[in-house]
Amino acid sequence: MAEKNEAMNANFVENIIDGDLKSGKYVPEEIHTRFPPEPNGYLHIGHAKSICLNFGLARKFGGKCNLRFDDTNPTKEDTEYVDSIQEDVKWLGFTWDDRKFYASDYFEKLYGYAVELIKRGKAFVCDLSADEIRATRGTLTEPGQESPFRNRSVEENLDLFARMKAGEFPDGSHVLRAKIDMASPNITMRDPVLYRIARTTHHRTGDAWCIYPMYDFAHPLSDAIEDITHSVCTLEFEDHRPLYDWLLESLGFDAKRPHQYEFARLNLTNTVMSKRKLRQLVEGGYVSGWDDPRMPTISGLRRRGYTAASIRDFCERIGVAKSNSLVDVAMLEHCVREDLNENADRVMAVLEPLKVVITNYPEGQTEYLVAENHPTRGGHRYVPFSREIYIEQEDFMEDPPKKFFRLKPGGEVRLKHAYIIKCEEAVKDEAGNIVELRCTYDPDSKSGGAAAGRKVKGTLHWVEAKTAIKAEVRLYDYLLMTDENGNVPDDFLAHLNPDSLRVLKNALIEPSVRYAAEGTRYQFLRKGYFCVDKDTTPDHLVFNEVVGLKDTWGKVKG
RNA sequence: UGGGGUAUAGCCAAGUUGGUCAAGGCACGGGACUUUGACUCCCGCAUUCGUUGGUUCGAGUCCAACUACCCCAGCCA
């Protein structure tokens, strides 16, 4: 299925690792990456790209990939998220074995490194307020000014830092800063803050600490502690690489220390990807939750019916590079279609039913017709057929355009797995709406029968009236509308698609799916792929549309 | 007259040290097949690699200048 990518091109990170292997810097087993989410939100398809890259690299080279929660900011983090993140990574098909770590595991060691940095004269405690630090940082074009506390003695810094840790100072009164260069053109290097005081209960360390390391300090050291060789992150951290290197070198890590490499994050058409915007959609009630099937979250895609394999395949196909890009969501859809075409059983469901009475079919008779479950993988089931059936409303037109291969007055059409029928009459109500079709069937045209060879142009799906199961079917369209370039404008809430969800309460489905388990995926013949939703109960089936079938006719008729 | 990045078809994206190199996928168009207008299968889709110069027998690949876009002034990550 979706994993036949041996021929895929290597991305630039693989090339770098290849180089490190060829130069003898590392042997394959040493290649070590990590996926470092902050547990402050749900994972989305953009994270999937990073997960596939990091775990994929380790798998490809025979190394390891750690799962590491970057939990250095207790004000935003919660165990709710660490649980969902683990579930999502596992579901995507990756394992960290016994290598689940937390930056908070290293708080003690990190503190030690900070002390060492002070001893080496490369960090100092600064008493400036946040506002003062900001005011003295300079601008993009002007250098900053050195803090008046920059030249404190090592002893004084050690004492102050210990007292920060001991809780002697109020939040915000002191920070530990690296002593680098206030005139650096790279703002990240202008004596960056390494530790801040925050009396917040941490989801894992509780109230043990009142000082917490900043990402820039914790990340490179966590990487080093775990023997990470290739620390892959997104483009916006490119400016931080000099600091990453400075810290490791200042603390004396050797030539095999970790190195940071950056790639472009994923952008998708018709989608927003930032945690902030996704949160707005959830909290504003625009969607039903983080796992709303229209959300680009892993949990949303999973509920929608996307397979893990199709998401992995997608991540493989889009590649990994350094240029900002916007991937057409059609690529993602293509990946599920390909997977489900191969792996989903076919079944017949009529989404918007129109009753058909076959007038020359014996009243009270029911026959069970053989129906293949899959065109190439085989398997079969029996579907009931009798005098009254339902077809799709859109499959009948009283006055159709040219090339309409479906039912029309006097026209013939094949019923999949069954007979050829001919439309004799369209029955209307007082308002002129077509409410029922009266047809005749050709008994010799039975599917698989001796005289089944007769060809008619169209083939329709259908369900038998008495045995059909009523179901709720949820049809989806893109949550957001885009401009001509495929971009969702910044005021995305003004571009919500009002028709992103359509609920059909009167769909009718063949009886074979009555006991389908949550998560089961089918192809509803001629319509698309559908997945049993978790809202399903023993007497109420609910399906989500995963993705529609490609529809050439839809394009023709416009 | 801050720094860091990126520019190859509508969208992703390959192009090792310059020499049939303009891969592949998505989308799109045409055709074949079809008891899913699906699938599958053919065929088409950049004389051109952001621009302009230059080096060279030869440049997407080297040099120069220019242009466009993205990121950075959290005690967020």
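Data block above holds the structure.
Residues numbered from 1 in each chain as written. Chains lettered and ligands numbered in written order. Predicted model: local features only at pLDDT ≥ 70, side-chain atom pairs only at ≥ 80, totals over all residues. Heavy atoms only, no water.

Draft legend 1. Structural context of the overall build of chain A. When helices and strands are counted, chain A shows 13 helices and 25 strands. Rg of the C-alpha trace for chain A: 31 Å, well past the compact-globule value of 24 Å for 558 residues, more than 25% over. When each of the 558 residues of chain A is scored for burial, the buried share is 52%. Looking at chain A alone, contacts between residues at least 24 apart form 71% of all its contacts between residues at least 6 apart. Accessible surface, chain A: about 25200 Å² in total, of which carbon and sulfur atoms supply 48%. Placing the 76 positive and 89 negative side-chain charges of chain A at their respective mean positions leaves the two points 3 Å apart. (Helix = DSSP H or I, 4+ residues; strand = E, 2+ residues; numbered from the N terminus. Rg over C-alpha atoms; globule rule 2.2 N^0.38 Å. Buried < 20%, exposed > 50% of the residue type's maximum accessible area, 1.4 Å probe, protein only. Contact = heavy atoms within 4.5 Å. Areas by Shrake-Rupley, 256 points an atom, 1.4 Å probe, with all protein chains shown as cover. Lys, Arg positive; Asp, Glu negative; His and termini not counted. Charge placed at Lys NZ, Arg CZ, Asp CG, Glu CD.)

Draft legend 2. Layout of the protein's contact with RNA strand B. Around RNA strand B, the structure places 67 residues, and the nearest of them are Arg 346, Phe 405, Ser 447, Lys 455 and Thr 552. Sugar plus phosphate: this is where 66% of the atoms of RNA strand B within 4 Å of the protein reside. One nitrogen or oxygen atom from the side chain of Asn 324 is found 3.2 Å from a sugar or linking oxygen belonging to RNA strand B. At the level of elements, helix H5 (130–135), strand S6 (193–197), helix H11 (308–318), helix H12 (329–343) and helix H13 (552–557) are the ones that each hand at least two residues to the surface near RNA strand B. Top contributing element to the surface near RNA strand B by residue count: H12, with four residues. Counted by class, the surface near RNA strand B contains 25 nonpolar, 20 polar and 22 charged residues. (Near = heavy atom within 4 Å. Polar contact = N/O pair within 3.5 Å; in protein donor to acceptor, adjacent residues only side chain to side chain. Nonpolar A, V, L, I, M, F, W, Y, C, P; charged D, E, K, R; others polar.)

Draft legend 3. Seen up close, the packing of helix H4 (residues 107–119) against helix H6 (residues 154–165). For the pair H4 and H6, the least separation of the axes is 9 Å and the interaxial angle reads 160°. When the axes of H4 and H6 are compared, the pair comes out roughly antiparallel. Seen from above, H4 lies across H6 with right-handed handedness. When H4 is examined against H6, the residues Glu 108, Tyr 111, Ala 114, Val 115, Ile 118 and Lys 119 are found in contact with a partner set consisting of Val 154, Asn 157, Leu 158, Phe 161, Ala 162 and Lys 165. Class assignment of the residues belonging to the contact of H4 with H6 gives a composition of eight nonpolar, one polar and three charged. (Axes fitted to C-alpha atoms, helices over the stretch in contact; angles between N-to-C directions. Parallel < 35°, antiparallel > 145°, perpendicular 65-115°, else oblique. Left-handed = near helix turned anticlockwise from the far one by under 90°.)

Draft legend 4. Quick look at the nonpolar core. Counting residues in each nonpolar core, the largest one holds 39 residues, and the members touching the most others are Ile 45, Ile 51, Phe 55, Val 89, Leu 268, Ile 311 and Phe 314. Looking at this core, the elements that each hand over two or more residues are helix H2 (45–61), strand S2 (64–69), helix H3 (79–91), helix H10 (298–304), H11, H12, strand S24 (528–532) and strand S25 (541–548). The biggest single contributor to this core is H2, with six residues. Excluding residues within four positions of it along the chain, Leu 268 makes contact with Ile 45, Met 273, Phe 314, Leu 326, Val 327, Asp 328, Val 329 and Leu 332. The next biggest cluster of nonpolar side chains, apart from the first, holds 35 residues, and it includes Leu 110, Leu 194, Phe 217 and Leu 247. (Core = buried A, V, L, I, M, F, W, Y, C linked by side-chain atoms within 4.5 Å.)

Draft legend 5. Here's a closer look at the side chain of His 417. Take His 417: it is sitting in the loop between strand S16 (412–415) and strand S17 (420–428). Look at His 417 and you get buried, because its relative accessible area is 9%.

Draft legend 6. Inspection of the pairing of S24 at higher detail. Within S24, five of the five residues are buried, which leaves the element mostly enclosed by the surrounding structure. Sheet topology note: the strand S23 (residues 521–524)/S24 ladder contains four bridges and is antiparallel. Across the sheet, residue Tyr 522 finds its bridge partner in S24, namely Phe 530. (Pairing = 2+ DSSP bridges.)

Draft legend 7. How the structure looks around the sheet that holds strand S3 (residues 100–102). Ordered in space as S1-S2-S3, the three strands form an open sheet in which the pairing is parallel. In this open sheet, the two strands that pair with only one neighbour each are strand S1 (32–35) and S3. Neighbour-to-neighbour, the strand axes of this sheet turn through a mean angle of 35°, independent of strand direction. Most of the contacts of H3 go to S2, to which it runs at about 160°, and overall it touches S1, S2 and S3.

Draft legend 8. Seen up close, the pairing of strand S18 (residues 434–442). Alignment of strand S12 (residues 353–358) against S18, held across four bridges, turns out to be parallel. By the bridge assignment, Val 357 is partnered in S18 with Arg 438. By the bridge criterion, eight bridges tie S17 to S18 in an arrangement that is antiparallel. Paired with Ile 421 across the two strands is Tyr 441, which belongs to S18. Here S17 folds back onto S18 in antiparallel fashion, the turn holding five residues, of which Gly 432 has a positive phi close to 90°.

Draft legend 9. Spotlight on the side chain of Arg 150. Take Arg 150: it is sitting in the loop between H5 and H6. Relative accessible area serves as the criterion here: at 8%, Arg 150 is assigned to the buried category. Separated by 3.5 Å, the side chains of Arg 150 and Glu 146 make a polar contact. Looking at Arg 150, its side chain comes within polar contact range of the main-chain oxygen of Ile 180, at 3.3 Å.

Draft legend 10. Representation of helix H1 (residues 12–22) in the model. Listed as buried for H1 are Val 13, Glu 14, Ile 17 and Asp 20. Taken around the axis of H1, the buried residues stretch over an arc of 120°, which confines them to a single face. Where H1 is buried, its residues contact H2, strand S8 (230–234) and strand S9 (259–263). Structurally, the start of H1 carries an N-cap: the backbone nitrogen of Val 13 is 2.9 Å from a side-chain oxygen of Asn 11. Positive backbone phi, approximately 85°, marks Gly 24, located one or two places after H1. (Arc of directions from axis to C-beta.)

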